[in-house]
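# Observations on the three-dimensional arrangement
Chain residues, written in single-letter form:
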Amino acid sequence: MLYAVCLYVCVCVCVCVCVCVTAQKTVLIVYAHQSPGSFNAAVRNVTVKALEEQGCRVIMSDLYAMNFRANATYDDIIGDWKNPELFQYGEETMHAWKEGRLSEDIVAEQNKIKEADLVIFQFPLYWFSVPAIMKGWMDRVLTQGFAFSLEKMYNNGVFKDKKAMLSFSTGAMPTMFRPDGINGDINVTLWPLQNGILHFCGFQVLAPQIFWCPVHSPHVARTAMLEGWQARLKGLFAERPLTFAPCELFDLSFQGGFLLHPSVREEYRSLPYGITTGHHLGKPLPPDNQITAQPPDENSGNSASEDNQITAQPPDEDSANSACEDNQITPQPPDEDSANSASEDNQITAQPPDENSANSACEDNQITPQPPDEDSANSASEDNQITPQPPDEDSANSASEDNQITAQPPDENSANSASED
Ligand SMILES: *[C@@H]1O[C@H](CO)[C@@H](O)[C@H](O)[C@H]1NC(C)=O
Ligand SMILES: *[C@@H]1O[C@H](CO)[C@@H](O)[C@H](O)[C@H]1NC(C)=O
Ligand SMILES: *[C@@H]1O[C@H](CO)[C@@H](O)[C@H](O)[C@H]1NC(C)=O
């Protein structure tokens, strides 16, 4: 009898606690728009209302209204610097965070993050990125130590039990951000924000909410966008996050250069896609990598094992409480033969000029002349965002892959190359 009563009480307490935990989810909206009449304001209002109706607690950082300071300066530190000779913001703020000497406005924002289960960044896309005031929030609030460390980054990151997402409006129409559109692939645009900032700090990143071109959309279309978002919000906590490459795929040592383990690289040689938008390995980008969460992988036996390394995510069954769950990206076992990984791919070698592939180089290179590439598609692809490319003797692909990294040397045999001048 006593046992039965006990059990009854326990079950009651359990149910109650579960309900409360669900109800008490806290969402931080980091919001950057100047005008209360804007579409972004309307989105924010819908977000607040819908989340509060679900029982969430919503806290807001209205950055312009707060006059949030965007510049990362020594004003962020209270007291003496560790190194008075040379002020280094990252170092000094890390020490200041440890010693409780960060400026008050930063600490207030950090406390909001600590409370949040989900952080939504709401903004209009500025220059393929967040507005400066929001970038300033990221620069100043995501302090080393508080938000990341070398040991705690990406899927092992400080905020791995929290979720974050971008919700933004564009001035561009969607086709402009297609891989064949004028602005290029939106997945590429989102990579630095979603991988480089949010996931770097450990956040599970939910698929972005993109409001395409509201300013040029008729009222009905704007309303439809808001309604679509409102509907999505109902199931937001149940959503699976985007897929990123877990740290365990890499040799996490300075000696090893933080490079992909050779066996993983080897595994990818025969696969059709790269690992992520950023870890493309010179292959086609994995489809929708920065846009859509991957469905649970049901047949994880053979062909699925290709994705297994990176994407094997546990199916999310009890979606109501999913916000409380740990990172969905399964850590991978370390790879034994990592000794040679650092030398495997040389990122530094300049590429030899390309004498007869003028057309391909010119087609892909709108900004920087590409250095020639004598022999290697791989080496070219690795420099893509860094070095102007040398001319490429034999490969259209390699030329296009180095496009953002290496300036291309003039191509002597080519009428087109003259157009550089
Ligand atoms: C959003 O809500 C605020 C505060 O209630 C209000 O002042 C503003 O007009 C609303 N904006 C839009 C576009 O709905
Ligand atoms: C940083 O910005 C604030 C205003 O937000 C300004 O008062 C201050 O002078 C700036 N500091 C530097 C070093 O530019
Ligand atoms: C990236 O995102 C869009 C969806 O907006 C998709 O249509 C496009 O093909 C994607 N690019 C890749 C490489 O998946």
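Residues numbered from 1 in each chain as written. Chains lettered and ligands numbered in written order. Predicted model: local features only at pLDDT ≥ 70, side-chain atom pairs only at ≥ 80, totals over all residues.

The protein chain carries the name Ribosyldihydronicotinamide dehydrogenase [quinone] in an unreviewed UniProt entry, which gives Myripristis murdjan as its organism. Annotation of the protein chain in UniProt includes, under Subcellular location (unreviewed entry), the sentence "Cytoplasm". On record in UniProt, under Catalytic activity (unreviewed entry), the comment for the protein chain is "1-(beta-D-ribofuranosyl)-1,4-dihydronicotinamide + a quinone + H(+) = beta-nicotinamide D-riboside + a quinol". (UniProt positions renumbered as here; feature names shortened; annotations may be inferred.)

Trans is the common state for peptide bonds, and a negative phi is the common state for residues other than glycine. We note that Trp127 has phi near 50 degrees; this positive angle belongs to a residue other than glycine. With respect to the element layout, Trp127 can be found in the loop between β3 (118–124) and α5 (132–141). The phi dihedral of Phe258 is positive, around 60 degrees, even though this residue is not glycine. Relative to the elements of secondary structure, Phe258 occurs in the loop between α7 (219–234) and α8 (262–269). (Helix = DSSP H or I, 4+ residues; strand = E, 2+ residues; numbered from the N terminus.)

Attention now moves to the nonpolar core. In this structure, Val27, Val30, Val119, Phe121, Met134 and Cys201 are the most contacted members of the largest nonpolar core, which totals 66 residues. Both of domain 1 (26–242) and domain 2 (244–288) provide at least three residues apiece to this core. The residues touching Val27, leaving out its near neighbours within four places in the chain, are Leu51, Cys56, Val58, Ala116, Asp117, Leu118 and Ile120. (Core = buried A, V, L, I, M, F, W, Y, C linked by C-beta atoms within 7 Å. Buried ≥ 20, exposed ≤ 12 C-beta atoms within 10 Å, placed from the backbone. Domains from an automatic or database assignment. Contact = placed C-beta atoms within 7 Å.)

We now examine the site of ligand 3. Neighbouring residues of ligand 3: Pro179, Asp185, Ile186, Asn187, Leu285, Pro287, Asp288 and Ile291. Of the residues that constitute the shell around ligand 3, the class distribution is five nonpolar, one polar and two charged. Both domain 1 (26–242) and domain 2 (244–288) contribute no fewer than three residues apiece to the shell around ligand 3. (Near = placed C-beta within 6 Å. Nonpolar A, V, L, I, M, F, W, Y, C, P; charged D, E, K, R; others polar.)

Here we come to the environment of Gln34. Note on placement: Gln34 falls in the loop between β1 (26–31) and α2 (39–53). Under the C-beta neighbour-count criterion, Gln34 is labelled partly exposed, with 14 such atoms within 10 Å. Here the alpha-carbon distance between Gln34 and Ala65, two residues 31 residues apart in the chain, equals 7.5 Å.

With 15 residues, α2 extends 21 Å between its outermost C-alpha atoms, agreeing within 8% with the 21 Å of an ideal straight helix rising 1.5 Å per residue. Positive backbone phi, at 95 degrees, marks Gly55, one or two positions downstream of α2. (Expected span 1.5 Å × (residues − 1).)

Here we come to the packing of α2 against α7. Where α2 contacts α7, the axes come no closer than 10 Å and their chain directions differ by 30 degrees. As judged from the angle between their axes, α2 and α7 are roughly parallel. The element α2 and its partner α7 pack so that their crossing is right-handed. Contacts between α2 and α7 involve Phe39, Ala42, Val43, Val46, Thr47, Ala50 and Leu51 from the first element and Arg222, Leu226, Trp229, Gln230 and Leu233 from the second. Residues that form the contact of α2 with α7 fall into these classes: nine nonpolar, two polar and one charged. (Axes fitted to C-alpha atoms, helices over the stretch in contact; angles between N-to-C directions. Parallel < 35°, antiparallel > 145°, perpendicular 65-115°, else oblique. Left-handed = near helix turned anticlockwise from the far one by under 90°.)

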